[in-house]
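One letter stands for each residue in the lines below.
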Amino acid sequence: MAAKIFPGRFTAKADDEVIVFLIGMRINKWLVVHKWLPVLLAMPPMVQELYSQKDNGFFSLENFINFRTTLMIQYWRSENELYAYARAPKHLKAWRNFNRKVKDNLAVGIFHETYKVKDGAHEVIYGNMPLFGLAKAYQHVPVLPNTASAKQRLRKKEREPFANSRS
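Residues numbered from 1 in each chain as written. Predicted model: local features only at pLDDT ≥ 70, side-chain atom pairs only at ≥ 80, totals over all residues. Heavy atoms only, no water.

**Observations regarding the overall build of the protein**
Looking only at helices and strands, one finds five helices and seven strands in the protein. Sequence-ordered secondary structure for the protein, helices as α and strands as β, is β-β-α-β-β-α-α-β-β-α-β-α. Taking the principal axes of the C-alpha coordinates as reference, the protein spans close to 55 × 30 × 30 Å. In the protein, which comprises 167 residues, the proportion classed as buried is 37%. Counting contacts in the protein only where the partners sit at least 6 residues apart, residues at least 24 apart contribute 75% of the total. Split by element, the accessible area of the protein, about 10200 Å² in all, is 60% carbon and sulfur. Side chains of the protein give 26 positive and 14 negative charges; the mean places of these two sets differ by 8 Å. (Helix = DSSP H or I, 4+ residues; strand = E, 2+ residues; numbered from the N terminus. Buried < 20%, exposed > 50% of the residue type's maximum accessible area, 1.4 Å probe, protein only. Contact = heavy atoms within 4.5 Å. Areas by Shrake-Rupley, 256 points an atom, 1.4 Å probe, with all protein chains shown as cover. Lys, Arg positive; Asp, Glu negative; His and termini not counted. Charge placed at Lys NZ, Arg CZ, Asp CG, Glu CD.)

Printed below as a string of structure tokens:
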């Protein structure tokens, strides 16, 4: 099923601060499958859990895969909700399993980064795209004359007259 394409230029409206969480893994040694495969297989159940819980602070994610590395970008309502999920049973089980099975080998690497983006301190543009990234996580709004440039979109909330419609 093809994603719906929104013709034209759009941006994202996020009313509060945004928590952007990047998480991923890197396969360092392809032939040591038994060391990196458990790490890879631990993620889908956690993603399913995130989407099944309606009010856990998780909004959306994007996945990227290249030759050795996977990267998932997640959007959260607050750092406290992200931390609460990190302490949740399914995540803790996966983390403990990872540490027990593969923490001391060089076959796989893992990483995460967390960014706290203050209210209005972001700029995005989407041209002829399906819902994606911050606009999928928060609110997808058309670019207006006063939000036509990157400089105009990257401004403080008190100067933010975005359209209120959701596409």
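That covers the picture; the talk isn't over yet.
**Describing the environment of Asp-15**
Here Asp-15 is to be found in the loop between β1 (6–13) and β2 (18–27). Remark: the alpha-carbon pair of Asp-15 and Asp-119, spanning 104 residues in sequence, is separated by 6.7 Å.

**A short note on the side chain of Arg-153**
Within the secondary structure layout, Arg-153 lies in helix α5 (residues 150–153). Given the relative accessible area of 7%, Arg-153 is considered buried. Of note is the side chain of Arg-153, whose polar atom sits 3.0 Å from the backbone oxygen of Val-124. Not counting residues up to four positions away in its chain, the partners in contact with Arg-153 are Arg-9, Thr-11, His-122, Glu-123, Val-124, Ile-125, Thr-147 and Ala-148. (Polar contact = N/O pair within 3.5 Å; in protein donor to acceptor, adjacent residues only side chain to side chain.)

**Comments concerning the packing of aromatic side chains**
According to the stated counting rule, one finds nine aromatic pairs in the structure shown. Where Phe-59 meets Tyr-138, the ring centres are 4.7 Å apart and the plane angle is 65°; that geometry is what we call edge-to-face. Within this pair, whereas Phe-59 is found in strand β3 (residues 58–65), its partner Tyr-138 is found in the loop between α4 (133–137) and β7 (139–142), the two being separated by 79 residues in sequence. Look at Trp-76 and Tyr-85: their rings are 6.0 Å apart centre to centre, the planes differ by 35°, and that puts the pair in the tilted class. Across the pair, Tyr-85 and Trp-76 agree in class, each one buried. Here the aromatic residues Tyr-51, Phe-58, Trp-76 and Tyr-85 are joined through ring pairs into a cluster of three or more. (Phe/Tyr/Trp six-rings, centres within 6.5 Å; stacked < 30°, edge-to-face > 60°.)

**Quick notes on the environment of Ala-148**
Topologically, Ala-148 is positioned in the loop between β7 and α5. Take Ala-148: its relative accessible area is 34%, and that puts it in the partly exposed class. With 139 residues separating them along the chain, Ala-148 and Arg-9 place their C-alpha atoms 8.7 Å apart.

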